[in-house]
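Structural overview
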Amino acid sequence: MSLPPRAGHRDPNDAWVDCACGRRHWGLAGAAGLLLVDGSTAPDGEPRVALQLRAAWSHHGGTWGLPGGAVQTGEDALTAARREAREEAAIPPDAGAPAAVRVLDHGTWRYTTLVARVHGPAPELHPLDGESADLRWVPVDEVAGLDLLPAFGEAWPALRRLVEARPTLLVDAANVVGARPDGWWRDRAGATERLLTSLAGGRRELAAGAWLPGTWFDLDADGVRPDVHVVTEGQGNPAAPPDGELTVHRAPGSGDDAIVALAGRLLEAGADPLLVATADRGLRARLPATARTLGPGALRETLERG
Ligand SMILES: [Zn+2]
């Protein structure tokens, strides 16, 4: 892989900030880091995370943290996290699917952590630019035992929860489509397809508004990309589901029966937590006790904002 030359290049945002919190931080436009998660190769299923041992000469040298650095001119924080991970650790920008974003906001400075999940083989980590003394895939149980960068150590309990959670959204399409009198009854399949497109399209975008609120999933995150499952039924079954990272289940009979059965299967498969979007009180009463529920209005407003 060839990298753009960095020699001689200095972004005006590469500078210290005297923060309102009394400390100094790197990056006039804030900083960002990538928390890349590999859940596929650990023998006992314990996820591993990609950590960087900071070079001795650097700020808090000799401690472990995330690949990351200052947000540059004309760049958003999520792009910055990916760029820094590529420059410092040879992590390809598409190495992981975005799973969560968490922002530590001091007012005068902010640090954005992008949690991304590897599907498939984990990339090899190589120190590239002199800021890393070492890079390793570390099992989550071993992270707290390392000498951590103080700010990363403070954030780790919350980040670990984001690494281990499996937020999953199950959408009752008929109920969500039917919650607003916008003429959906004239073309039920078309109305369902529009809902699917907004769910799938929103997940492809990296824009901040396309993320679902962490509070919906009881997670300490500013945005979450859950696994999305949609149950459709009857005349609302779509002719052509859109491409995207969601799974459409066409119910052969009662949508409610299909949703109850699927909720049980998703929880058994590790959904944590499971959030079911429906206003149907009868259905809500039949769901497993650990399932959370969400009203259709909140879901549609968030998708439309994104
Ligand atoms: Zn601060």
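None of these values were measured; they are calculated from a predicted model.

What counts, and at which threshold
- Residues numbered from 1 in each chain as written.
- Predicted model: local features only at pLDDT ≥ 70, side-chain atom pairs only at ≥ 80, totals over all residues.
- Heavy atoms only, no water.
- Helix = DSSP H or I, 4+ residues; strand = E, 2+ residues; numbered from the N terminus.
- Rg over C-alpha atoms; globule rule 2.2 N^0.38 Å.
- Buried < 20%, exposed > 50% of the residue type's maximum accessible area, 1.4 Å probe, protein only.
- Contact = heavy atoms within 4.5 Å.
- Areas by Shrake-Rupley, 256 points an atom, 1.4 Å probe, with all protein chains shown as cover.
- Salt bridge = Lys/Arg side-chain N within 4 Å of Asp/Glu carboxyl O.
- Pairing = 2+ DSSP bridges.
- Right-handed = clockwise from strand over helix to strand, strands pointing away.
- Domains from an automatic or database assignment.
- Buried area = accessible area lost by both parts, 1.4 Å probe.
- Phe/Tyr/Trp six-rings, centres within 6.5 Å; stacked < 30°, edge-to-face > 60°.
- 1 Å grid on protein atoms, 1.4 Å probe; cavity = no way out; pocket = protein on both sides within 12 Å on 5 of 7 lines; lining within 4 Å.
- Points joined across faces, edges and corners; volume = space filled by probe spheres on them.
- Nonpolar A, V, L, I, M, F, W, Y, C, P; charged D, E, K, R; others polar.
- Axes fitted to C-alpha atoms, helices over the stretch in contact; angles between N-to-C directions.

Moving on to the overall build of the chain. Secondary structure summary: the chain contains 8 helices and 15 strands in total. Over its C-alpha trace the chain gives a radius of gyration of 21 Å, about what one expects of a compact globule, namely 19 Å for 306 residues. Overall, the C-alpha framework of the chain stretches about 65 × 40 × 40 Å when taken along its three principal axes. Put simply, the chain has 306 residues, and 49% of those count as buried. Intrachain contacts of the chain at a sequence separation of at least 6 include 65% that bridge at least 24 residues. As presented, the chain carries roughly 14,500 Å² of accessible surface, and 51% of it is formed by carbon and sulfur atoms.

Another aspect to go through is the pattern of salt bridges. What the rule picks out here adds up to 14 salt bridges. Across the pair glutamate 84 and arginine 83 runs a salt bridge, and its minimum N-O distance is 3.1 Å. Neither residue differs from the other here; glutamate 84 and arginine 83 are each classed as buried. The shortest N-O distance in the salt bridge between aspartate 220 and arginine 102 comes to 3.2 Å.

Locating serine 58 in the fold gives a position in the loop between β4 (48–54) and β5 (64–65). We classify serine 58 as buried; its relative accessible area is 14%.

We now examine the pairing of strand β14 (residues 274–277). What you see with β14 is no split at all: Leu274 and Val276 on one side and Leu275 and Ala277 on the other are buried throughout. Pairing of strand β10 (residues 168–172) with β14 involves 4 bridges; the strand directions are parallel. In the sheet register, leucine 169 faces β14, and the bridge partner there is leucine 275. Direction of pairing for β14 relative to strand β15 (residues 292–294): parallel, over a ladder of 3 bridges. Directly across from valine 276, in β15, lies its bridge partner threonine 293. Read as a crossover between parallel neighbours, the route from β14 over helix α7 (residues 281–286) to β15 is right-handed.

Time to look at the domain arrangement of the chain. Assigned domains within the chain: domain 1 (16–164) and domain 2 (168–305). Centre-to-centre separation of domain 1 and domain 2, based on C-alpha positions: 31 Å. The junction of domain 1 with domain 2 conceals about 1,000 Å² of combined surface from both sides, 55% of it contributed by carbon and sulfur atoms. Contact with domain 2 buries surface across domain 1, with Pro98, Val101 and Arg161 losing the most and accounting together for 41% of the total.

Before going further, it helps to spend a moment on the packing of aromatic side chains. Tallying each qualifying case throughout the model produces 4 aromatic pairs. Measuring from centroid to centroid gives 5.2 Å for tryptophan 16 and tryptophan 26, while their planes differ by 70°, and the two rings are edge-to-face. Here tryptophan 16, found in strand β1 (residues 16–18), pairs with tryptophan 26, found in strand β2 (residues 24–26); they are 10 residues apart in sequence, far enough to count as distant. Look at tryptophan 16 and you get partly exposed, because its relative accessible area is 34%.

Roughly 1,100 Å³ of volume is contained in the largest pocket. Lining the largest pocket are 40 residues, with Trp26, Arg54, His59, Gly69 and Leu149 sitting closest to its centre. Every element with two or more residues in the lining of the largest pocket is listed here: β2, β4, β6 (68–70), α1 (77–89), β7 (97–105), β8 (110–118) and α3 (150–164). The dominant element in the lining of the largest pocket, judged by the number of residues it contributes, is α3, at 6 residues. For the lining of the largest pocket, a count of residues per class yields 16 nonpolar, 12 polar and 12 charged.

On to the sheet that holds strand β13 (residues 246–251). Strands pair in a sheet through their backbones, by hydrogen bonds, and they do so in one of two ways: parallel or antiparallel. Here we have 5 strands laid out as an open sheet, ordered β13-β12-β10-β14-β15, and parallel in their pairing. The open sheet is flanked by β13 and β15, the only strands paired with a single partner. Neighbour-to-neighbour, the strand axes of the sheet open up by a mean angle of 25°, direction not taken into account. Direction of pairing for strand β12 (residues 227–233) relative to β13: parallel, over a ladder of 6 bridges. When the sheet's bridge partners are listed, glutamate 233 is paired in β13 with alanine 251. Lying over the sheet, helix α8 (residues 296–305) contacts β10, β14 and β15, oriented at roughly 65° with respect to β15.

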